[in-house]
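Given next are the chains, with one letter for each unit.
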Amino acid sequence: MNVKAILLAICLPLAAAAQGFGGLGTNAAGFAVPTPGYAFDFPADAGPHPDYRIEWWYVTANLTGPDGTDYGVQWTLFRTALAPEAGDGWSSPQLWMGHAALTTPTAHYVTERLARGGIGQAGVTAAPFAAWIDEWTLAGPDNAMQMRAAGPDFAYDLTLSAQGPLVFHGDNGYSVKSAAGQASYYYSQPRFGVSGTITTPDGDISVTGQAWLDREWSSQPLADNQTGWDWFSLSFDTGDKMMGFVLRQLDGASYTSATWIGADGMTAALPDGALTATPLETHQSPGAKVPIEWRVELPARGVDVTVTAINPDAWMATSIPYWEGPVRIAGSHSGRGYLEMTGYE
Amino acid sequence: MTRAGFAALLSHWRRNPLQLFTLLAGLALATALWSGVQAVNAEARASYDAAAATLGEGQFDQILPPEGQTIPQDTYIALRRAGWLVSPVTEGRMNGVRIVGLDPLTAPGGLGPVQVVDGDIGAFLSGRGQIYATAETLDRLGAVANADLIVTPDMAPGTAITDIGFAQSLLDMHDEITRLIVAPAQPLGRPPLSDIGPDLRLQAAQSGSDLGRLTDSFHLNLTAFGLLAFAVGIFIVHGAIGLAFEQRRPVVRTLRALGMPLNRLIVLIAAELMAMALIAGVIGVALGYLIAATLLPDVAATLRGLYGADVSGTLQLRPAWWLSGLGIAVGGTAVAGAGALWRLARMPLLAAAQPRAWAMAAGAGARWQGFLALGLLVVAGVLAFAATGLVAGFALLATLLIGAALALPVVLGAILRVCAARARGPVAQWFWADTRQQLPGLSLALMALLLAMAANVGVSTMVSSFRLTFTAFLDQVLSSELYVTADSPEQAAALVAFLTPRTDAILPIQSAEQTLAGYPAEVFGARDDATYRTNWQFLDAAPDAWGRLAAGDGVLVNEQLSRRASLAVGDPLDIGGTVFPILGIYGDYGNPIGQAILNEVPFARLFPEAVALRFGLRIAPDQVAGLTETLSQDFGLPRDQMVDQAGIKAFSLNVFERTFTVTDALNILTLSVAGFAILMSLLTLAAMRLPQLAPVWALGMTRGRLGWLELLRAVLLALLTTALALPLGLALAWALLAVVNVAAFGWRLPMYFFPLDYLRLGGLAMLAAALAALWPARKLARTPPAALLQVFSHER
Amino acid sequence: MLLDVRNITKTYPGADAPVPVLRGVDLTLDAGQSLALTGESGSGKSTLLHLIGGLDAPDGGQILLDGVDVTVLDDAGRAALRRGTVGVVFQQFNLIPSLRVADNIAFQARLAGRHDVAWAAMLADRMGLAAHLAKYPEQLSGGQQQRVAIARTLAARPKLVLADEPTGNLDEATAATVLDLMLELVAETGAALMMVTHSPTLAARMGRRLHLHQGLVA
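All values derive from a computational prediction rather than experimental measurement.

Here is what the cut-offs are and how they apply
- Residues numbered from 1 in each chain as written.
- Chains lettered and ligands numbered in written order.
- Predicted model: local features only at pLDDT ≥ 70, side-chain atom pairs only at ≥ 80, totals over all residues.
- Helix = DSSP H or I, 4+ residues; strand = E, 2+ residues; numbered from the N terminus.
- Buried ≥ 20, exposed ≤ 12 C-beta atoms within 10 Å, placed from the backbone.
- Contact = placed C-beta atoms within 7 Å.
- Axes fitted to C-alpha atoms, helices over the stretch in contact; angles between N-to-C directions.
- Parallel < 35°, antiparallel > 145°, perpendicular 65-115°, else oblique.
- Left-handed = near helix turned anticlockwise from the far one by under 90°.
- Nonpolar A, V, L, I, M, F, W, Y, C, P; charged D, E, K, R; others polar.
- Pairing = 2+ DSSP bridges.
- Expected span 1.5 Å × (residues − 1).
- Bend = angle between axes of the 7 residues up to and from the residue.
- Core = buried A, V, L, I, M, F, W, Y, C linked by C-beta atoms within 7 Å.
- pLDDT = per-residue confidence, 0-100.

Moving on, we come to the overall build of chain A. Looking only at helices and strands, chain A has one helix and 23 strands in total. Put simply, chain A has 345 residues, and 55% of those count as buried. Counting contacts in chain A only where the partners sit at least 6 residues apart, residues at least 24 apart contribute 58% of the total.

Right, here's the structure in full:
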């Protein structure tokens with residue numbers, strides 16, 4: 001079987017999403033489309049939305065070992081729908097893809113899983129909350145969520161405990177992705193305390209740290225003029241956090257968006273242009289040449305920091321390849337975070 | 001200069017079209033036979049490979065359910081959720097087509113239909129139904145409601161691939177999985193298989209059902225045939241090239257005297273040869289395609305019948321095969337032409353430019369050839385005693401055949417010398433002397449005939465021996481009149497209860513897989529019954545083997561196990577921790593793995609979990625039909641769970657008939673090639689013979705008489721050659737059966753003789769020689785007297 | 001001077017001991033001259049002809065042909081000499097049996113790269129071969145075959161024609177006709193001619209005569 005064709009079909013919407021939900025006038029073919037003023041409904045909205053084309057449960061974690069070594073962990077479950085219906089059994093149009101990664105300063109372990117919906121191999125239930133594909137799980141109540149995944153050469157088994165409220169990006173969770181108004185529903189839990197064990201070929205290591213959950217769903221594919229994005233989730237030592245992304249365009253211009261999450265619990269959405277991110281140093285990682293050091297500025301909040309990859313080779317050699325890994329922050333603020341870069345060749 | 005020189009060289013062929021035809025036809029025939037056989041082999045292998053690639057057979061580890069059962073889909077999900085990266089396959093048959101349902105998302109890379117149109121994967125997964133297969137297979141499948149039938153030429157024959165969801169509904173196997181393919185890379189922290197599916201078993205890649213290995217014996221025969229045919233063809237080409245060079249010797253001298261540099265000349269001649277090789281190669285490959293296309297349906301039927309291997313009945317053109325055909329034509333020409341070019345390069349410019357009959361060149365070389373032949377035959381003799389292993393086996397074949405071919409002119413020369421010495425009367429004396437004079441010119445053609453005859457005798461003997469042995473073996477293995485299979489242990493118990501009053505004996509067939517003496521093997525538990533005692537023949541056995549087996553104090557092993565593990569009668573064999581002495585060794589043809597038979601009592605003790613689901617039933621043969629009916633009507637056993645012995649035997653014999661069609665066709669083809677070689681040799685000699693025959697004619701012999709004598713000479717030489725080919729063919733058969741077969745497959749077939757077959761083959765060879773000689777002889781008988789007179793006037 | 005042969009020696013391996021065939025021969029020939037080479041069998045006259053024609057290499061001495069020392073040429077150089085500068089007419093004709101008469105006549109000129117259709121046609125006409133151009137050599141008489149061979153040589157316009165007993169295989173009357181034609185045409189082309197012959201009559205018709213005896217000029 002032409003594996004590429006399958007992956008293309010599954011990943012096209014994902015790739016589109018990863019690159020910013022662009023595409024004016026591209027029809028969503030019967031799928032629901034995000035609209036402003038949506039009233040989120042929990043726990044239901046923690047579960048899947050089969051009438052939207054694309055959705056993800058995306059956890060990144062900055063962890064520290066007993067000797068102070070930095071580690072990064074990623075657990076992601078993507079849902080993509082061939083048709084806007086849940087379906088049952090093998091004929092369900094819902095397809096699932098899992099990505100798991102473990103990053104150390106010297107190594108980056110990645111693995112991927114694919115599954116059909118409708119047969120129980122992968123899925124998400126809202127109450128009690130559980131997201132799974134094969135033996136990988138993200139399940140349990142907010143204060144004791146289990147997150148597990150394994151590949152041929154690595155594994156992790158972590159417990160997550162929420163330490164603050166959910167954060168809704170953009171206009172109360174309606175996150176605009178282009179000047180033309182393409183959008184998704186987007187909320188986060190940026191404050192999970194983490195403890196548990198990671199496993200590398202050298203053995204088990206107990207770790208603690210912080211995790212960040214992103215939830216996003218939409219239906220619109222990418223625009224022709226958008227080439228990729230750079231996404232930052234930064235946790236400053238002051239307790240403040242910030243999420244920001246830059247959608248790069250063919251003409252060299254970009255569309256930016258950011259959310260400031262204060263240590264005091266206040267959040268603020270910052271409009272296009274408030275955030276600037278400038279590459280300082282590029283690096284030939286295993287799949288592409290990518291910037292691994294950035295100057296990130298958010299003048300409205302006095303942020304002018306240098307963001308540096310902990311492992312410049314954190315390349316995700318998956319069906320849609322991209323770069324995703326933990327970063328260190330220095331400058332006006334210090335701290336740690338995660339960086340995702342798509343669309344580099 | 002190059003053009004003028006090339007034109008002069010090529011003009012030779014225009015004036016001697018027969019020679020050109022000989023050269024091209026010989027090479028084309030040789031290439032045709034070789035590439036035809038290779039095409040058949042390649043097609044079959046491609047079919048196995050396609051099956052392996054699309055179905056993951058042999059390539060990946062697999063998880064299988066207990067015999068006769070399926071894996072519940074829940075178990076599959078449980079395995080996935082425990083971290084086992086397995087991919088489900090649901091398969092079954094429909095209209096004789098193997099329907100294979102796959103899940104492309106979990107299947108290891110490279111599995112499944114070769115082309116899924118980009119973006120149309122949705123249709124494949126949707127459950128609406130897309131079926132991928134060759135056009136032939138789709139025809140057999142017929143219209144399947146609501147499915148898109150997609151023609152995929154690269155698919156394994158007789159196999160259709162679809163989504164597992166669609167396959168489950170098509171085959172009415174909802175939530176059932178036939179087997180699981182295990183991905184090569186598995187995640188950390190997986191629990192053992194037995195924790196999740198205690199009744200499932202893991203089958204390692206490349207074990208059990210590797211069709212390629214099973215069918216190798218058949219392909220080996222074909223390849224041997226093709227190689228011999230090619231060797232025969234190369235003899236023809238060598239002769240034709242030698243003749244052409246000899247005749248053009250004066251022209252080459254003239255060209256050089258007129259200022260053509262030697263190296264340019266050699267390049268031109270080499271280019272000329274290569275061009276001819278390519279032309280002949282193309283013709284040969286095309287002819288080979290025809291041969292292959294004609295033979296393939298029979299070969300496919302044979303392979304399906306013998307081994308259950310699905311092989312396409314239609315031939316595909318494969319670039320690799322075209323290239324190898326052309327390559328062998330060019331390579332063969334290079335081998336045949338290298339010597340001639342070498343002599344040309346060393347030929348002095350000024351040596352007397354007298355034309356010399358190529359045929360008479362043998363002289364001093366004959367002794368050298370005799371010594372070489374003797375040396376090769378001595379090596380063959382040593383190898384016959386010492387050879388073990390496939391390489392030594394083939395070395396034995398090569399030394400035997402080449403040595404015998406080289407020895408042929410020497411032996412024939414000796415026979416003719418004896419005959420000439422005893423001849424009375426002038427005509428007889430002249431006839432024998434003249435025959436001796438012809439021998440060097442005909443010897444290449446006669447060698448070709450010798451090899452063709454020997455190959456036919458050898459291969460016929462092997463195939464016929466195989467048939468006799470195999471049919472006897474079928475009697476042994478299929479000693480019960482009817483075989484029934486139960487779905488479950490419960491049904492088995494009910495069957496036994498139902499059958500006990502209706503049959504003479506019920507023989508349960510139960511087996512367990514086991515590693516014996518370090519080799520994968522099956523252990524069978526046998527009930528003590530007269531059936532076995534009367535039908536089974538041992539290759540070697542201790543006294544009262546059946547009695548001791550019944551008493552449980554011993555075991556029987558098949559030949560494969562005994563050869564591989566070097567086990568003899570009386571040796572101990574450890575089965576599941578208990579040591580049994582070996583009581584007997586039996587032939588077990590066609591089985592790739594080892595086998596051992598225990599009495600059912602110790603078997604049940606060692607393998608308590610094994611349950612007999614298959615049974616052999618002994619009843620009077622005329623009651624088989626009635627019992628089948630009763631089982632079907634009263635017990636409700638489906639027809640496909642009953643097999644009657646007569647049916648299997650008829651089927652097996654039918655398979656052999658197809659095998660023989662193939663062998664016969666190849667027999668006739670190789671003999672035709674040899675006959676052609678004789679014809680061409682005689683025709684090329686004919687022109688040179690006029691000066692030898694003209695004086696005899698002038699002295700009072702009629703042209704008609706001379707013609708008859710020419711014919712008689714050809715038949716006589718063919719008869720002598722055939723007589724020599726018979727022992728050679730038998731030696732070849734012995735080498736194939738006793739050395740090559742043992743090395744390749746682990747069993748030795750007993751050799752039988754088939755005098756009538758040999759007589760028929762000898763008759764065919766004589767017929768070929770007579771037909772070949774007929775035209776030249778007729779030509780001679782009708783030579784105008786003026787042509788004979790010219791011989792005298794031309795003489796200087 | 002077209003040809004200058006200086007102190008040429010040649011020895012062939014014999015059954016018992018090497019046989020000296022030429023033991024120091026000198027001769028010269030100018031353009032347009034003709035020379036008869038006579039001597040008994042084994043005197044070395046054919047060998048001398050072959051050495052001058054580049055068909056073989058001498059053991060010692062020099063052969064300057066048109067200013068070039070042919071004794072130092074390699075195989076390719078001698079082949080170029082044979083097709084370009086000299087033309088040899090053999091006793092056994094040495095025609096190419098598979099080529100038609102016309103192609104045989106044109107053959108050497110083609111090899112030499114100076115085929116001239118009109119010239120070849122004129123030669124064929126003068127040689128009386130016009131009616132036989134489409135035939136094969138075996139369909140011609142001996143005299144006709146030798147005329148084809150002479151025409152082939154002259155068609156290539158050599159500077160030096162070497163003839164080795166060109167009429168040795170022909171009867172007397174035919175021989176005379178063929179020789180007349182050859183001398184006439186050679187004279188017309190301005191080539192020098194050197195001919196090996198047994199016949200005193202033929203030798204007398206040449207400009208000069210050189211007699212060889214036991215490998216030396218007598």
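From N to C terminus, chain C includes seven helices and ten strands. In chain C, which comprises 218 residues, the share counted as buried stands at 48%. For chain C, the share of sequence-separated contacts (at least 6 apart) that also reach a separation of at least 24 residues comes to 72%.

Residues and elements named next belong to chain C. Axis separation between helix 3 (residues 101-112) and helix 4 (residues 117-126) bottoms out at 10 Å; the angle between their running directions is 140 degrees. The angle between helix 3 and helix 4 places the two elements in the oblique class. Judged by the sense of rotation from one axis to the other, the crossing of helix 3 with helix 4 is right-handed. Contacts between helix 3 and helix 4 pair Ile105, Ala106 and Ala109 from the former with Ala120, Leu123 and Ala124 from the latter. When its residues are assigned to classes, the contact of helix 3 with helix 4 shows six nonpolar, no polar and no charged.

Take the sheet that holds strand 1 (residues 3-12) of chain C next. Residues and elements named next belong to chain C. Across the sheet, which stays open at both edges, the four strands sit in the order 2-1-4-5 with antiparallel pairing between neighbours. Edge positions in the open sheet fall to strand 2 (19-29) and strand 5 (68-69), since each of these has one partner strand only. The pairing of strand 4 (residues 60-65) with strand 5 spans two bridges and is antiparallel. Bridged to Leu64 within strand 5 is Asp69.

With that settled, the discussion passes to the environment of Thr11 of chain C. All names here are of chain C. One can find Thr11 in strand 1. For Thr11, a count of 16 C-beta atoms within 10 Å corresponds to the partly exposed category. When the C-alpha atoms of Thr11 and Gly215 are compared, they prove to be 10.0 Å apart, with 204 residues separating the residues in sequence. Discounting residues that sit within four places of it in the chain, Thr11 has contacts with Pro18, Val19, Pro20, Val21 and Asp59.

Here we come to the interface of chain C and chain B. Every contact between the two is made by 23 residues of chain C and, on the other side, 19 residues of chain B. When contributions to the side of chain C that touches chain B are tallied by element, the ones reaching two or more residues are helix 2 (75-84) and helix 3 of chain C. Partitioning the side of chain C that touches chain B into residue classes produces eleven nonpolar, seven polar and five charged.

Since one α-helical turn is 3.6 residues long, residues separated by three or four positions face the same way. An ideal rise of 1.5 Å per residue puts 40 Å on 28 residues; helix 11 (residues 319-346) of chain B measures up with 39 Å between its terminal C-alpha atoms. At Gly337 of chain B, helix 11 of chain B shows its largest kink, close to 35 degrees.

The next point concerns the nonpolar core. One finds Leu449 and Leu450 of chain B to be the most contacted residues of the largest nonpolar core, which totals 182 residues. No other element matches helix 14 (residues 426-477) of chain B, which puts 21 residues into this core. Those residues in contact with Leu450 of chain B that sit more than four places away from it in its chain are Ala404, Ala405, Leu408, Thr721, Leu724, Ala725 and Leu728 of chain B. Within the second largest apolar cluster, 93 residues are counted, among which are Trp96, Trp132, Ile198 and Ile320 of chain A.

What follows concerns the packing of helix 1 (residues 2-15) of chain B against helix 3 of chain C. In contact at an axis separation of 7 Å, helix 1 of chain B and helix 3 of chain C are set at 145 degrees when each is read in the N-to-C sense. Judged by residue contacts, Ala4, Gly5 and Ala8 of chain B of helix 1 of chain B engage Phe107, Arg110 and Leu111 of chain C from helix 3 of chain C. Across the contact of helix 1 of chain B with helix 3 of chain C, the residue classes tally to four nonpolar, one polar and one charged.

A word on the confidence of the model for chain A. Per-residue pLDDT for chain A averages 87, and the proportion of residues at 70 or more is 90%. Predicted confidence is poor over residues 1-27 of chain A, with pLDDT under 50, and the contacts of this stretch with residues over four places away or in other chains come to 79 contacts.

What follows covers the sheet that holds strand 6 (residues 86-89) of chain C. Picture the strands of a sheet paired through backbone hydrogen bonds; they go either parallel or antiparallel. Residues and elements named next belong to chain C. Spatial ordering of the open sheet is given by 6-7-8-3-9-10, a layout of six strands whose pairing is mixed. The open sheet has two free edges, formed respectively by strand 6 and strand 10 (216-217), since each of these has just one partner strand. Across four bridges, strand 3 (residues 34-38) lies against strand 9 (residues 208-213) in parallel orientation. If you follow Leu37 over to strand 9, its bridge partner there is Leu210.

Residue and element names in this part refer to chain A. Take Ile329: it is sitting in strand 22 (residues 322-331). With 22 C-beta atoms counted inside 10 Å, the residue Ile329 sits in the buried group. When near neighbours in sequence (up to four residues on either side) are disregarded, Ile329 contacts Leu234, Phe236, Val305, Val307, Ser334, Gly335, Arg336 and Gly337.

Right, let's get into the pairing of strand 20 (residues 303-309) of chain A. Residue and element names in this part refer to chain A. The alternating pattern of strand 20 places Val303, Val305, Val307 and Ala309 on a buried face and Asp304, Thr306 and Thr308 on a face that is not buried. Counting the residues that bridge the hairpin from strand 19 (residues 289-298) to strand 20 gives four residues, and of these Gly302 lies at a positive phi of roughly 70 degrees. By the bridge criterion, five bridges tie strand 20 to strand 22 in an arrangement that is antiparallel. Its bridge partner being in strand 22, Thr306 is matched across the sheet by Ala330.

With that out of the way, let us pick up the pairing of strand 9 (residues 155-162) of chain A. All names here are of chain A. Summarising the sheet, strand 8 (residues 145-150) and strand 9 pair through six bridges and their orientation is antiparallel. The residue bridging Gln146 from the neighbouring strand is Thr159, located in strand 9. Linkage of strand 8 to strand 9, two consecutive antiparallel strands, is achieved through a turn of four residues. By the bridge criterion, eight bridges tie strand 9 to strand 12 (residues 183-200) in an arrangement that is antiparallel. The residue of strand 12 that forms the bridge with Thr159 is Ser195.

Averaged over all residues, the pLDDT of chain C equals 88, while 100% of them reach at least 70. Scored by ipTM, the complex comes to 0.91, with pTM at 0.55.

Another aspect to go through is the environment of Arg253 of chain B. Looking at the element boundaries, Arg253 of chain B is found in helix 9 (residues 216-257). Separated by 91 residues in sequence, Arg253 of chain B and Leu344 of chain B place their C-alpha atoms 9.7 Å apart.

Here the focus is unusual backbone geometry. For residues besides glycine, phi is generally negative; the peptide bonds are generally trans as well. Put simply, Phe42 of chain A and Pro43 of chain A share a cis peptide bond, and its omega is 10 degrees. Checked against the element boundaries, Pro43 of chain A lands in the loop between helix 1 (3-18) and strand 1 (54-64). Phi angles above zero are rare outside glycine, and Asp134 of chain A is one such case at about 50 degrees. Its place among the elements puts Asp134 of chain A in the loop between strand 6 (130-133) and strand 7 (136-139). Despite not being glycine, Gln214 of chain C has its phi angle at roughly 50 degrees, a positive value.

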